[in-house]
Amino acid sequence: MTALLEAEQLTVGYGAAPVLHSVDLTVAQGSITAVLGANGAGKTTLLRTLSGLLRPATGRVVLDGQDLRGVKVEQMVRRGVAHVPEGRGVVTELTVDENLRLGGLWRRDRVDAKRALDEVYDLFEPLARRRRFPGHQLSGGERQMLALGRALVGRPRLLLLDEPSLGLAPKVTAQIMGLLRTLRDRTGLTVLLVEQNVRSALSVADTGIVMSLGRVVANADAATLRDDEDMRHAYLGF
Amino acid sequence: MDRFVFLTFDGLSRGAVYAAFALALVLIWRATRIVNFAQGAMAVATAYVGYSVSAATGSYWLGFAVAVLGGLLLGAVTERVVMRLVDHSSHLNGVVVALGLVLVIQGVLGMIYGNEFRPAEAPFSREAFTVGGIALLSRFDLFVFGAVFLVVALLVVLFTRTSVGLRMRASAFAPDVSRLLGVNVGGMLTLGWALAAAVGSLAGMLVLPTELGLHPNAMDIVFVSSFTAAVVGGLDSAVGAVAGGLIVGLLLSYVSGYLGATVAPIAVLLLLVVVLLGRPGGLFSRSAARAV
């Protein structure tokens with residue numbers, strides 16, 4: 001398997017104290033990788049660094065062999081990176097349709113952007129029924145669909161998802177996890193999934209990374225992590 | 001009754017200008033959470049340039065175009081060269097810098113053009129048509145209404161029907177998310193300032209002929225009225241700004257007509273205080289009150 005994304009020795013801090021300490025990471029093309037760990041482990045900081053919202057103090061991020069140092073955030077989407085941030089990032093003042101169109105505005109291929117938009121409406125039927133609704137009128141599950149759909153309109157190669165299950169009913173979470181697997185199988189999408197919900201993340205992931213206090217403490221097959229009782233007790237809480 | 005009708009039309013005509021100027025304030029507030037206190041001074045600066053061009057070429061309309069385009073340029077430059085460098089950890093910083101800009105611009109204008117009033121001509125007659133013995137509107141009033149209506153319509157189309165407008169709105173509401181979606185948020189900010197300043201300059205060209213004329217401080221009172229209009233409208237709402245402008249225009253016209261012109265500025269400040277105390281989110285706010 002070839003690596004789509006590699007992080008080397010990432011150290012990132014807000015102010016003086018680093019939040020990530022020398023993090024190394026490899027995400028294989030077409031895989032789903034779960035990033036697990038307690039609150040404050042640095043998971044969100046990791047995603048924000050990978051998408052360029054935060055600049056590492058040291059280390060680098062490499063996407064498909066290309067060093068991303070110096071690449072602006074707004075250029076990342078053009079390189080195939082979609083980041084669905086914590087709290088989903090739906091622009092609640094805009095309508096469903098405007099949010100989705102926003103996901104494809106950067107694309108030169110207007111025909112395919114339109115096609116991708118239609119595909120998202122096919123994929124998420126509740127969104128199609130609420131095209132003209134402002135984002136603030138959507139339920140949590142619909143907002144997650146919208147954020148995910150908006151990322152997909154850009155036809156990303158790498159999807160960075162921050163806590164998609166947060167505040168969602170187990171059934172909706174399961175649907176979203178199932179969808180990620182479908183997308184990986186059908187389109188070869190690579191997913192890096194930050195989750196508190198360890199069971200549901202490991203149910204869909206190929207590999208898992210466990211973080212604690214800003215360091216990667218384990219990096220293994222999802223199945224291995226599921227079966228490692230010590231690891232589960234120590235870091236994953238089940 | 002005649003007097004009431006006249007004052008109503010006069011108030012709507014003034015109000016249209018305040019609406020445009022308030023709209024410019026709202027544009028910048030929505031994008032940056034900064035009240036651009038320098039907007040009046042910026043509008044005066046471009047009006048000076050515009051009238052200089054008119055005087056040199058003999059063409060009012062060339063000067064008018066230069067003033068509005070000058071606003072576009074001045075707005076962009078102000079954002080790029082000044083506002084972008086402001087530390088945004090507190091919104092107060094931007095406000096203080098804007099207030100500093102007022103002093104700089106007014107000082108420079110005084111140095112170049114002097115601190116005397118200069119005539120600001122109107123492109124059309126300001127003599128009102130009379131219908132059934134009642135003085136209603138002048139040609140210039142009609143021009144003001146038409147220009148403001150056109151600007152509002154263009155802004156509505158820009159923001160609701162074009163992808164640039166969608167980018168601008170998204171950048172204002174959610175800058176980080178917009179950047180993740182490939183939007184050049186900095187560019188949208190520059191464009192927002194440019195548009196706002198152009199609308200401000202237009203409003204200046206529409207209001208100066210009805211005031212005492214060109215002076216470095218000529219827009220100060222207009223700024224107060226328009227700021228009140230924007231606050232009445234909720235600062236966040238374009239519709240609110242237009243409605244607020246008309247409300248303030250009418251209030252000013254009735255108060256100066258019935259109570260005397262000297263009372264008018266007090267009435268505006270009173271309205272500002274009442275709205276801030278009673279409905280700090282403005283008359284048109286949907287969401288919870290926001291501290292101004």
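How each quantity is defined
- Think of each chain on its own: its residues are numbered from 1, step by step along the sequence as written.
- For this description, chains carry letters from A and ligands carry numbers from 1, given in the order in which they are written.
- Whole-chain, interface and lining totals are the exception, using all residues; otherwise, since this is a predicted model, local features are given only for residues with pLDDT of at least 70 and side-chain atom pairs are given and counted only at 80 or more.
- Side-chain descriptors were evaluated using all non-hydrogen atoms of the structure, hydrogens and water having been removed beforehand.
- Counting from the N terminus, the helices are DSSP H or I runs at least four residues long and the strands are E runs at least two residues long.
- Buried means the residue's accessible area, taken with a 1.4 Å probe over protein chains only, is under 20% of the maximum for its type, while exposed means over 50%, and partly exposed covers the values in between.
- Contact between two residues is taken to exist if any of their heavy atoms lie within 4.5 Å; hydrogens are not considered.
- Only the protein chains shown count as covering a residue, and every accessible area follows the Shrake-Rupley method with a 1.4 Å probe.
- UniProt positions are given in the numbering used here, feature names are shortened, and annotations may be inferred rather than shown by experiment.
- Each domain's extent is set by a domain assignment, obtained either automatically or from a database.
- Accessible area that two parts lose when put together, with a 1.4 Å probe and added across both, is what the buried area reports.
- Salt bridges are identified by distance alone: a Lys or Arg side-chain nitrogen within 4 Å of an Asp or Glu carboxyl oxygen.
- Any pair of nitrogen or oxygen atoms within 3.5 Å is treated as a polar contact; in protein, a donor-acceptor pairing is required on top of that, and neighbouring residues in sequence qualify only through side-chain atoms on both sides.
- In this classification, the charged set is Asp, Glu, Lys and Arg, the nonpolar set is Ala, Val, Leu, Ile, Met, Phe, Trp, Tyr, Cys and Pro, and all remaining amino acids, among them Gly, are polar.
- Two strands are counted as paired when DSSP detects at least two bridges linking them.
- Convention adopted: a line fitted to C-alpha atoms gives each axis, helices being fitted over their contacting stretch, and angles between N-to-C directions are expressed from 0 to 180 degrees.
- Think of a 1 Å grid over just the protein atoms. A cavity is a set of points where a 1.4 Å probe fits yet cannot get out, a pocket is an open set with protein on both sides within 12 Å along at least five of seven lines, and lining residues have an atom within 4 Å of a point.
- Grid points are joined across faces, edges and corners, and a volume is the space filled by probe spheres set on the points.
- Aromatic contacts are taken between Phe, Tyr and Trp rings whose centres are within 6.5 Å, Trp giving its six-membered ring; a plane angle under 30 degrees counts as stacked, one over 60 as edge-to-face, and the others as tilted.
- The criterion is that NZ of a Lys, or CZ of an Arg, lies within 6 Å of the ring centre and within 35 degrees of the ring normal, and then a charge sits over that ring.
- Helix span, as expected, comes to 1.5 Å for every residue beyond the first.

Points about the overall build of chain B
If you tally the helices and strands in chain B, you get eleven helices and two strands. In chain B, the succession of α and β elements from N to C terminus is α-α-α-α-β-β-α-α-α-α-α-α-α. Burial analysis of chain B (292 residues in total) assigns 51% to the buried set. A separation of at least 24 residues holds for 70% of the contacts in chain B among residues at least 6 apart in sequence. As displayed, chain B has an accessible area near 13000 Å², and 70% of this comes from carbon and sulfur atoms.

Let's talk about the UniProt feature "transmembrane region" (unreviewed entry) in chain B
Residue and element names in this part refer to chain B. UniProt feature "transmembrane region" (unreviewed entry): in the numbering of this structure it lies at residues 12-29, 36-54, 60-82, 94-114, 134-159, 180-207, 227-251 and 258-277. Along residues 36-54, the helical share is 84% and the strand share 0%, with 28 Å between the first and last C-alpha atoms. Taken end to end, residues 94-114 is 95% helix and 0% strand, and its first and last C-alpha atoms sit 28 Å apart.

Looking at the domain arrangement of chain A
All names here are of chain A. Each domain of chain A was delimited in the assignment, giving domain 1 (1-80 + 159-238) and domain 2 (82-155). A separation of 22 Å is found between the C-alpha centroids of domain 1 and domain 2. Each side of the interface is counted separately: domain 1 has 22 residues, and domain 2 has 15 residues. Across the domain 1/domain 2 interface, buried area totals approximately 1600 Å², and carbon plus sulfur atoms make up 69% of it. It is V77, L159 and L179 that lose the most area in domain 1 upon contact with domain 2, and together they represent 26% of the buried surface on that side. Here domain 1 and domain 2 share zero salt bridges between them. The interface formed by domain 1 and domain 2 contains four residue pairs in polar contact (both at pLDDT 80 or more). In terms of residue class, the side of domain 1 that touches domain 2 is built from 14 nonpolar, four polar and four charged.

Brief notes about the sheet that holds strand 7 (residues 158-162) of chain A
All names here are of chain A. Read across the sheet, six strands follow the order 6-7-8-3-9-10 without closing on themselves; strand pairing throughout is mixed. Of all the strands in the sheet, just strand 6 (81-84) and strand 10 (215-221) have a single pairing partner and so form its edges. For this sheet, the mean inter-axis angle between neighbouring strands, taken without regard to orientation, is 15 degrees. With six bridges connecting them, strand 9 (residues 207-212) and strand 10 associate as antiparallel partners.

Digging into unusual backbone geometry
If you check the backbone angles, Q9 of chain A has positive phi at about 50 degrees while not being a glycine. Here Q9 of chain A lies in strand 1 (residues 3-13). Backbone geometry at R33 of chain B places phi at a positive 60 degrees, although glycine is not the residue there. Counting through the fold element by element, R33 of chain B comes out in the loop between helix 1 (2-32) and helix 2 (39-57).

Thoughts on empty space enclosed by the protein
Per the counting criterion, the structure on display carries one cavity of 30 Å³ or more. If you add up the space inside the largest cavity, you get close to 40 Å³. As for the largest cavity, its lining consists of H83, V84, P85, R150 and A151 of chain A together with V177, L180 and L181 of chain B. For the lining of the largest cavity, the secondary structure elements donating two or more residues are strand 6 and helix 6 (140-153) of chain A together with helix 7 (175-180) of chain B. Considered class by class, the residues forming the lining of the largest cavity number six nonpolar, one polar and one charged.

Re the interface of chain B and chain A
Chain B puts 16 residues into the contact, and the matching count from chain A is 21 residues. Together, the buried faces of chain B and chain A total about 1700 Å²; carbon and sulfur atoms form 67% of this surface. Together, L166, L180 and L181 of chain B form the three largest contributors to the area buried by chain B at its contact with chain A, with a combined 39%. Inspection of the region where chain B meets chain A yields three salt bridges. Of the charged contacts, one joins E74 of chain A and R179 of chain B as a salt bridge, the two residues approaching to 3.6 Å between their closest N and O atoms. For the interface between chain B and chain A, the tally reads three residue pairs in polar contact (both at pLDDT 80 or more). At the level of secondary structure, the elements contributing two or more residues to the side of chain B that touches chain A comprise helix 6 (163-173) and helix 7 of chain B. For the side of chain B that touches chain A, the per-class residue count stands at eight nonpolar, three polar and five charged.

Quick look at the side chain of T8 of chain B
Its place among the elements puts T8 of chain B in helix 1. Ignoring any residue separated from it by four or fewer positions in sequence, one finds T8 of chain B in contact with L250 and Y254 of chain B.

Some thoughts on the packing of aromatic side chains
Applying the stated criterion across every chain yields a total of 15 aromatic pairs over all chains. Here R131 of chain A stacks its cationic end above the ring of Y121 of chain A, 3.7 Å away from the centre of that ring. The cationic tip of R3 of chain B hangs over the ring face of Y258 of chain B; the distance from NZ or CZ to the ring centre is 6.0 Å.

Re helix 4 (residues 91-113) of chain B
Residue and element names in this part refer to chain B. With 23 residues, helix 4 extends 33 Å from end C-alpha to end C-alpha; this agrees with the ideal 33 Å at 1.5 Å per step. Every buried residue belonging to helix 4 is among G94, V95, A98, L101, V102, I105, Q106, L109, G110 and Y113, and all of these are buried. At its buried positions, helix 4 is contacted by helix 2, helix 3 (60-82) and helix 9 (220-233). Two to three positions downstream of the cap, the backbone nitrogen of L92 sits 3.1 Å from a side-chain oxygen, assigning the N-cap of helix 4 to S90.

Looking at the pairing of strand 6 of chain A
Residue and element names in this part refer to chain A. Every second residue of strand 6 is oriented toward a common face, with V81 and H83 on one face and A82 and V84 on the other, all of them buried. Across four bridges, strand 6 lies against strand 7 in parallel orientation. Note on strand 7: the bridge partner recorded for A82 is L159.

Observations regarding the pattern of salt bridges
Taken as a whole and assessed by the stated rule, the structure comprises 22 salt bridges over all chains. Its salt-bridge partner being D112 of chain A, residue R115 of chain A comes within 2.9 Å of it at the nearest N-O pair. Note that R115 of chain A and D112 of chain A are positioned in helix 4 (residues 110-123) at a spacing of three residues, about one turn of the helix. Classification of R115 of chain A by relative accessible area gives partly exposed; the value is 44%. Here R33 of chain B ties to D236 of chain B by a salt bridge, and the two come within 2.9 Å at their closest N and O atoms.

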